[in-house]
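# Geometric and topological summary
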Amino acid sequence: MGEQKYQLSRRRFTVGLAACSASAILPVGIPRISIAQTVADAVSTTGVAQIFLDLHRIHKWDNSNGDTWDPFWADDGNMYAFNCDGRGFGVGGMNLAFNKLSGITPEALLGSRVNAMDEYGKSGQKGADNAAWKACGQECIDGVFYAFVSRNIYGNDSGDPLTRQLAQNSSLIKSTDRGHTWFRSAEQNLNRPMWPGAPFGTPFFVHYGQNGGNVSRDGAMDYVYASSTIGFWNDGDTLILGRVKRSILSDLNSADWEYFTGGDGDLASNWSRSIATTTPILNRPSKCGQTPITYVSELGIYLLISWYNTARMTKWFEPNEMRYDFYQAPHPWGPWTPVSSFSDRFLGPTCHMYGPSLCSRFQQRIGADVEVSLFTSGCPFDDVPSALYKMWHIPVVLRVASLPNSVLVPAADPQIRYHGFWFPWTVMEDAAENRLARATLSKGAGAEFSFSGTGIEYVAHKSGEQGAVVIYLDNVQQESTSLNLEDFPILLGVTVFSKQNLPRGKHVIKIVNAGESKINLQAFKVYS
């Protein structure tokens, strides 16, 4: 993905959105929407130049079960989240269940199930419409909990040529007692959905912060915004944007909502009560999975993830590769520009991640950069501690300046000097000799590499029964870190150590096995 950066001064942003392909498949009843240019005034922002997923600190809640986690930050300081198709942090799989997440750091969050949402059925339970209930976006706004719910037809039943899961007939529910009871009822939502059909089938709130946020820009004090794909849970074609007055959100009246029609979203004339006149804020056929937009207060920008399977699925739900494409914008209506793209190949060929949600809590400065929290889930779907069908957290570092150019030096490179007994280690299906990792079981065995540059990374594979590595830079111990992995099958190509802004000139990095368990080296990455 190309890198984009917003200027700090006010200026005009213009982005051209290509028209929907004539061959794009849309569910019956969806209006054909013309794609117009989005032009908006940008407020003072600091754009993101690069994004880094810190896979070394990935965390999964082994006692959870389910997907579609969209944790929100409530007025009481806790996090809350629905899950779909699982038991959440309780017992017994449900179509959707509501959970509480307590803790002051992402990794320390403790989950407990608040409400099994029995009226929405057991996990996978379908109705006469061949659809099951799913939760979409969730939020706490002015002390009230809200969640969108919709009827979904799985990809193996939908008849869609791309095997996509259809999402339609959405409604908004609310709770005034911390999720113990909800209004409207499942029966009301089934018989009289607030948004009949597909056009607003997967709404997700724009996350501004605790209790709905206290952000004065972009009308966020007066309006609540929500984005939605048109008709698809996964691999949709576009995202549209709706809003409602914050003061009347609790009325749960879809007639109060209006939809962005293009141009400057600060102007009331560019919003319409007719969803048929909407203009998508993002047009990416087959690459728009349901997702929230999140405001990054430290940088004054908005982020979203366009997620998709890179090839047509031939069997539900068995992706071949999932990609997370990060987009940024100065306003919730755009213009949206790409920043970075990530593949889930780090999980190996048979495991996948999907359903990402960027969180408004836990944002923190790291020098000039900002770290935010990504919650997601994955498959296969077994309900055992080591399985992936659970809630995960991945720290995401938003870099405001690009790192220098880099060169990957694989473990087989003769510039790397090995001490002690090391051997080639074949991981998964990677059998190319020059890509093989090197591994050792010998305590004190080391690998040393001299380089010229301003930055260095140590890249390794993480898996079960691996040990600790001691890392030295210029003969000074930096840290000791573990390559052991208890709750994922394997993580490939993980940056387990990184050091930037080194003085120009020669440096030496050395890794040493701290014990008698296996450690490995996949590569060193040198920044010049």
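Residues numbered from 1 in each chain as written. Predicted model: local features only at pLDDT ≥ 70, side-chain atom pairs only at ≥ 80, totals over all residues. Heavy atoms only, no water.

### Some remarks on the packing of aromatic side chains
The cut-off we apply is this: Stacked, edge-to-face and tilted are the three classes for Phe, Tyr and Trp ring pairs, Trp counted by its six-membered ring, which pair at centre distances within 6.5 Å; planes under 30 degrees apart are stacked, over 60 edge-to-face, the rest tilted. Between buried and exposed lies partly exposed: a residue is buried under 20% and exposed over 50% of the maximum accessible area for its type, with that area taken using a 1.4 Å probe on protein chains only.
Using the criterion set out here, one finds 46 aromatic pairs in the structure. Taking the centre distance of 5.1 Å and the plane angle of 55 degrees together, the rings of Tyr418 and Trp422 count as tilted. With a relative accessible area of 26%, Tyr418 lands in the partly exposed category. A relative accessible area of 11% places Trp422 in the buried class.

### Examining empty space enclosed by the protein
How we decide: Cavity means a closed set of points on a 1 Å grid over the protein atoms alone, one where a 1.4 Å probe fits but cannot get out, pocket means an open set with protein on both sides within 12 Å along at least 5 of 7 lines, and lining means a residue has an atom within 4 Å of a point. Grid points are joined across faces, edges and corners, and a volume is the space filled by probe spheres set on the points. Numbering goes from the N terminus for both helices and strands, where a helix is a DSSP run of H or I of at least four residues and a strand is a run of E of at least two. Under the grouping applied here, Gly and all other residues not named as nonpolar or charged are polar, the nonpolar ones being Ala, Val, Leu, Ile, Met, Phe, Trp, Tyr, Cys and Pro and the charged ones Asp, Glu, Lys and Arg.
Enumeration over the complete set of coordinates arrives at 2 cavities of 30 Å³ or more. When its volume is computed, the largest cavity comes out at roughly 60 Å³. Lining the largest cavity, in full, are Glu139, Ile141, Val206, Tyr208, Gly212, Ala220, Tyr223, Val224, Tyr225 and Arg246. Among the elements of the structure, strand 9 (132-141) and strand 13 (223-229) are those that each provide at least two residues to the lining of the largest cavity. At 3 residues, strand 13 tops the list of elements feeding residues into the lining of the largest cavity. Considering only residue class, the lining of the largest cavity consists of 7 nonpolar, 1 polar and 2 charged. The computed volume of the second largest cavity comes to approximately 40 Å³. The wall of the second largest cavity is formed by Thr68, Trp69, Asp70, Phe204, Gln290, Gly355, Pro356 and Ser357. With 3 residues, the top contributor of residues to the lining of the second largest cavity is strand 22 (residues 352-366).

### Notes on the sheet that holds strand 27 (residues 423-425)
Put simply, the rule reads: When DSSP locates at least two bridges between a pair of strands, those strands are taken to pair. To obtain an axis, a line is fitted to C-alpha atoms, over the contacting stretch when the element is a helix, and the angle between two such axes runs from 0 to 180 degrees between their N-to-C directions.
On the basis of which strands lie adjacent, the open sheet formed by 3 strands has the order 27-28-35 and antiparallel pairing. What marks the edges here is a single partner per strand, and that holds for strand 27 and strand 35 (519-521). Put simply, the sheet's adjacent strands are angled 40 degrees from each other on average, direction ignored. In this sheet, strand 28 (residues 437-440) lies alongside strand 27 in antiparallel orientation, the contact comprising 3 bridges. By the bridge assignment, Phe423 is partnered in strand 28 with Ala439.

Honestly, it's all geometry; don't read function into it.
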